Amino acid sequence: MGYIDLHCHWVAGIDDGAPTIDEGLDMLRALRDIGFSHVMATPHMRTGMFDNDKHDLLEAYRRSADAVAKHNDLPSVGLSSEHHLDDIVFQNLIDGEGLPYPPSQSAALVEFPNERFPLNYEQRMFELRLKKIRPVLAHPERYRPVWKDTRVLDKLLDGGTLLLLDVAALDGKYGRKTKKAALRMLADGYYYAACSDAHRTRDVKSVAKGIRELRKIAGDDEAEFMLAQGPHHIIHGTVAD
């Protein structure tokens, strides 16, 4: 099984990711070259910054995916979204206007503000579970409350939220505090899966270095689970409770 990337911004011209279709194709080629066989597009839904709705993302994905289909040497692709847990995006996700991971639609990528956790975040994660949507929390190592105390995530883990490592953090891409938090969480077994969160082709160099670090720190078996089997379970709805 090749790697499955659950978090990547290769769809062109819709957020802070690939500005052009050609750049998106180059990102996919670079990810293929380091072992990814399936890459999920996760463009932002974030009120006031990326005011995208489901229709916007479906249209942008169609344009980029049509270009991908002309090349038989690229990873397979799919569409989800990085749902910022603000009031509007959260309600859209609850109302069926978000983009959970295909094919099972039983898990969705969510993100918090870097500086603080949102009000009522635990209740919102619980409400998603009631809707049969398992939250997958993007890059928890970047959140400042986690820098101080990893245990702030314990209640989320107990409630079934899965944590997704941005593997480039292990290469120091986001700074010393983020790397330190990622190493601590990795050692304590907090993560379920790992991803690229690539926004440009140049990001893939840090992703490759991060994967090598992951293998050194966690071992080959754990790295393979986080990059392949774990993401497979998430998108197919076969995560064990």
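Predicted model only: the values in this text are computed from it and were never measured. (Residues numbered from 1 in each chain as written. Predicted model: local features only at pLDDT ≥ 70, side-chain atom pairs only at ≥ 80, totals over all residues. Heavy atoms only, no water.)

K.L.:
Help me out: how do you make sense of the state of the cysteines in this one?
P.N.:
Disulfide: a covalent bond connecting the sulfur atoms of a pair of cysteines. The tally for this structure, following the rule as stated, stands at zero disulfides. In this model Cys8 remains outside any disulfide bridge; the closest cysteine sulfur is found in Cys195, 8.9 Å from its own. Since its relative accessible area comes to 0%, Cys8 is described here as buried. (Disulfide = S-S within 2.5 Å. Buried < 20%, exposed > 50% of the residue type's maximum accessible area, 1.4 Å probe, protein only.)

K.L.:
Would you mind showing me how to read the sheet that holds strand S2 (residues 36-41) here?
P.N.:
Pairing between sheet strands relies on hydrogen bonds along the backbone, with the strands arranged either parallel or antiparallel. Reading across the sheet, the three strands line up as S1-S2-S4 and stay open at both edges, with parallel pairing between neighbours. What marks the edges here is a single partner per strand, and that holds for strand S1 (3-8) and strand S4 (76-79). Each strand of the sheet is rotated relative to its neighbour by a mean of 20°, with strand direction disregarded. Taken together, the four bridges between S1 and S2 define a ladder with parallel strand orientation. Bridge pairing links Tyr3 to Phe36 in S2. Relative to the sheet, helix H2 (residues 54-68) contacts S2 and S4, its axis offset from that of S4 by approximately 170°. Here helix H9 (residues 220-236) sits on the sheet and contacts S1 and S2; the angle it forms with S1, its principal contact strand, is near 70°. (Pairing = 2+ DSSP bridges. Helix = DSSP H or I, 4+ residues; strand = E, 2+ residues; numbered from the N terminus. Axes fitted to C-alpha atoms, helices over the stretch in contact; angles between N-to-C directions. Contact = heavy atoms within 4.5 Å.)

K.L.:
How should H9 be read in this particular structure?
P.N.:
Because an α-helix completes one turn every 3.6 residues, residues spaced three or four positions apart along the sequence face the same direction. The end-to-end C-alpha distance of H9 is 23 Å, a good match for the 24 Å that 17 residues give at a rise of 1.5 Å each. Along H9, the residues that are buried comprise Ala223, Met226, Leu227, Ala228, Gly230, Pro231, Ile234 and Ile235. Following H9 by one or two positions, Gly237 has its phi on the positive side, about 70°. (Expected span 1.5 Å × (residues − 1).)

K.L.:
How do you make sense of the pattern of salt bridges when you look at a structure like this?
P.N.:
Between side chains of opposite charge, a pair can form as their charged atoms come close. The tally for this structure, following the rule as stated, stands at 16 salt bridges. Close ionic contact of Arg46 with Glu111 constitutes a salt bridge, the shortest N to O distance being 4.0 Å. You can see Arg46 sitting in the loop between strand S3 (44-45) and H2 and its partner Glu111 sitting in strand S6 (residues 107-111), a full 65 residues away along the chain. Ionic pairing is found between Asp203 and Lys173, a salt bridge with its closest N-O pair at 3.4 Å. In this pair, Asp203 is assigned in helix H8 (residues 203-218) and Lys173 in the loop between strand S8 (162-166) and helix H7 (176-187), connecting sequence segments 30 residues apart. The class of Asp203 is buried, set by a relative accessible area of 11%. (Salt bridge = Lys/Arg side-chain N within 4 Å of Asp/Glu carboxyl O.)

K.L.:
How do you make sense of the side chain of Asp197 when you look at a structure like this?
P.N.:
Following the sequence through the fold, Asp197 ends up in the loop between strand S9 (193-195) and H8. We classify Asp197 as buried; its relative accessible area is 2%. In terms of polar contacts, Asp197 uses its side chain to reach the side chain of His9, at 3.3 Å. Beyond its immediate sequence surroundings of up to four residues, Asp197 is in contact with Asp5, His7, His9, His139, Arg142, Asp166 and Tyr174. (Polar contact = N/O pair within 3.5 Å; in protein donor to acceptor, adjacent residues only side chain to side chain.)

Honestly, that's just the spatial picture; any functional story needs more than this.
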